[in-house]
Amino acid sequence: MTSSTSALPTVPFTLTRAGVIMTPEAGNEFEAEGVLNPASGRGPDGELYLLPRLVAKGNVSRVGLAKVIIGDDGVPSGVERQGVVLAPDEGWERGINNAGTEDPRITWVPSLGRHLMTYVAYGPLGPRLAFAHSEDLRTWNRLGPCHFEYQADLSMDLNLFANKDAVFFPEPVNDPDGVPSYALLHRPMWDLGWIREGEGEHLPAGLDDNRPGIWISYVAVTDVEKDIRNLVHLRKHKLVALSEFPFEELKIGGGPAPIRVDEGWLLIYHGVSGSMEKSAFDHQQNVNYTAAAMILDAEDPSIVIARSDKPLLAPETEDEISGIVPNVVFPTAIEKIGDQLFVFYGMADSKIGVARLDRA
């Protein structure tokens, strides 16, 4: 279950900066410490919306809603704020000294007729995955925390670990047994020392690389058809990818929802290099976040068939280099505008940027 070292074809796509489209609003208490890492979606009105992470004083995060302004050239140029749509109102989303509904990812799933949001609930035991659904991007119904079914061959309970960077595929795929399923990409973190001093890392059976990587889990379509709340009950967990290249030497994590391309499923992801200080949950000052891509097999998305061997976008501008956490390009949303694809990403200086995705 270790990361493959075999050479894969490179991904035939490029990212080109198109500008900064959202910065913290002066006097807005919900944005006192930044706006970043947005999800996105099309509303019933056909308009494109961002759902950014809004960070208030004390690192308390909420999910906002903002309509994207499109310039005459078809490129996003700004936003119109429309309030907050998800806040840490539930007890499991709040700790004594922390609270947050963080880093949303949104997938429109036509077969369900609704948007699925994954987000990080920063509660009493730190970051845990949670889901919500909506038909209009404004009213969100919580499905609750994610539950990973015990899998004996891993000899480990995935529910023990903090988890981030989760996102659903937009249509059903086959699970390892050929069962049509909704699939979730996610990123477990194996270090338990931050919860229980001295406990350290616990790895699943067969895994000898402790760096956080991208996993996939499934829930059968028939179970979701019976009750949408079954989306939180995931099983058949499998490793998809681990770090392989210098720009991602510390860890990797999924970004926007995968999109279908001719070759398979295109996944934009982030890679992290540098050195970690203290806990992985502290603000880091010596790391470098970049955007890259991989293509997953159309029939079995647990298989990587192509992968970036260098970043598609790395921190270069002042907004990306200097900030609370410096040197950050963190992709979290992808949308088609006209005949062009755009990737939205968080920046070091607590802003949101956009880049155009093209075939190389």
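The shown structure was predicted, so the numbers you read here are calculated from the model rather than taken from an experiment.

*Asks:* I tried to follow the sheet that holds strand β2 (residues 35-42) on my own but got confused; where do I start?
*Replies:* The pairing of strands in a sheet happens through backbone hydrogen bonds and is either parallel or antiparallel. One open sheet holds the 4 strands; their spatial order is β2-β3-β4-β5, and the pairing between them is antiparallel. Where the open sheet ends on each side, the last strands, each with one partner, are β2 and β5 (76-86). Ignoring strand direction, the axes of neighbouring strands in this sheet form an average angle of 30°. By the bridge criterion, 6 bridges tie β2 to strand β3 (residues 48-56) in an arrangement that is antiparallel. Note on β3: the bridge partner recorded for V35 is L54.

*Asks:* Even after reading the chapter, I still don't get the packing of aromatic side chains, so can you show me in this structure?
*Replies:* Overall, the coordinates contain 6 aromatic pairs when judged by the stated rule. Their ring planes at 65° and their centres at 5.1 Å tell us that F131 and F168 sit as a pair that is edge-to-face. With F131 in strand β8 (residues 126-134) and F168 in strand β11 (residues 162-168), the pair connects residues that are 37 residues apart, well separated along the chain. For F131, a relative accessible area of 1% puts it in the buried group. On the basis of relative accessible area, F168 is assigned to the buried category, the value being 2%. Ring plane angle 0° and centroid distance 6.2 Å describe the contact between F245 and F247, whose orientation is recorded as stacked. Take F247: its relative accessible area is 9%, and that puts it in the buried class. An aromatic cluster is built from F161, W190 and W215, whose rings are joined through pairwise contacts. The aromatic ring of W265 is capped on one face by R260, whose charged end is 5.6 Å from the ring centroid.

*Asks:* Can you help me understand the side chain of R114 in this one?
*Replies:* Relative to the helices and strands, R114 is located in strand β7 (residues 114-123). An unpaired buried charge is present at R114: no salt bridge exists, and E135, the closest side chain of opposite charge, is 4.2 Å distant. Here the side chain of R114 touches L112 through a polar contact of 3.2 Å, landing on its backbone oxygen. Contacts of R114, omitting those with residues within four sequence positions, involve T107, W108, V109, H133, S134, E135 and I228.

*Asks:* Just checking my understanding: could you explain the sheet that holds strand β9 (residues 141-145) for this structure?
*Replies:* With antiparallel pairing, 4 strands are arranged side by side in an open sheet as β6-β7-β8-β9. Of all strands in the sheet, those with a lone pairing partner are β6 (101-109) and β9, marking the two edges. Each adjacent strand pair in this sheet contributes to an overall mean axis angle of 25°, direction not counted. Relative to β9, β8 runs antiparallel, the two being bridged by 4 bridges. Counterpart to F131 in the pairing with β9 is G144.

*Asks:* Would you mind showing me how to read the pattern of salt bridges here?
*Replies:* Applying the stated criterion to the full structure yields 24 salt bridges. Note that R105 and D165 form a salt bridge whose closest N and O atoms lie 3.1 Å from each other. Taken as a pair, R105 in strand β6 and D165 in strand β11 lie far apart in primary sequence, 60 residues in all. Look at R105 and you get buried, because its relative accessible area is 1%. When its relative accessible area of 6% is taken as the criterion, D165 is described as buried. Bridged by salt links that share partners, the residues R17, E316 and E320 form one connected network.

Procedures and definitions
- Residues numbered from 1 in each chain as written.
- Predicted model: local features only at pLDDT ≥ 70, side-chain atom pairs only at ≥ 80, totals over all residues.
- Heavy atoms only, no water.
- Pairing = 2+ DSSP bridges.
- Helix = DSSP H or I, 4+ residues; strand = E, 2+ residues; numbered from the N terminus.
- Axes fitted to C-alpha atoms, helices over the stretch in contact; angles between N-to-C directions.
- Phe/Tyr/Trp six-rings, centres within 6.5 Å; stacked < 30°, edge-to-face > 60°.
- Buried < 20%, exposed > 50% of the residue type's maximum accessible area, 1.4 Å probe, protein only.
- Lys NZ or Arg CZ within 6 Å of the ring centre and 35° of its normal.
- Lys, Arg positive; Asp, Glu negative; His and termini not counted.
- Salt bridge = Lys/Arg side-chain N within 4 Å of Asp/Glu carboxyl O.
- Polar contact = N/O pair within 3.5 Å; in protein donor to acceptor, adjacent residues only side chain to side chain.
- Contact = heavy atoms within 4.5 Å.

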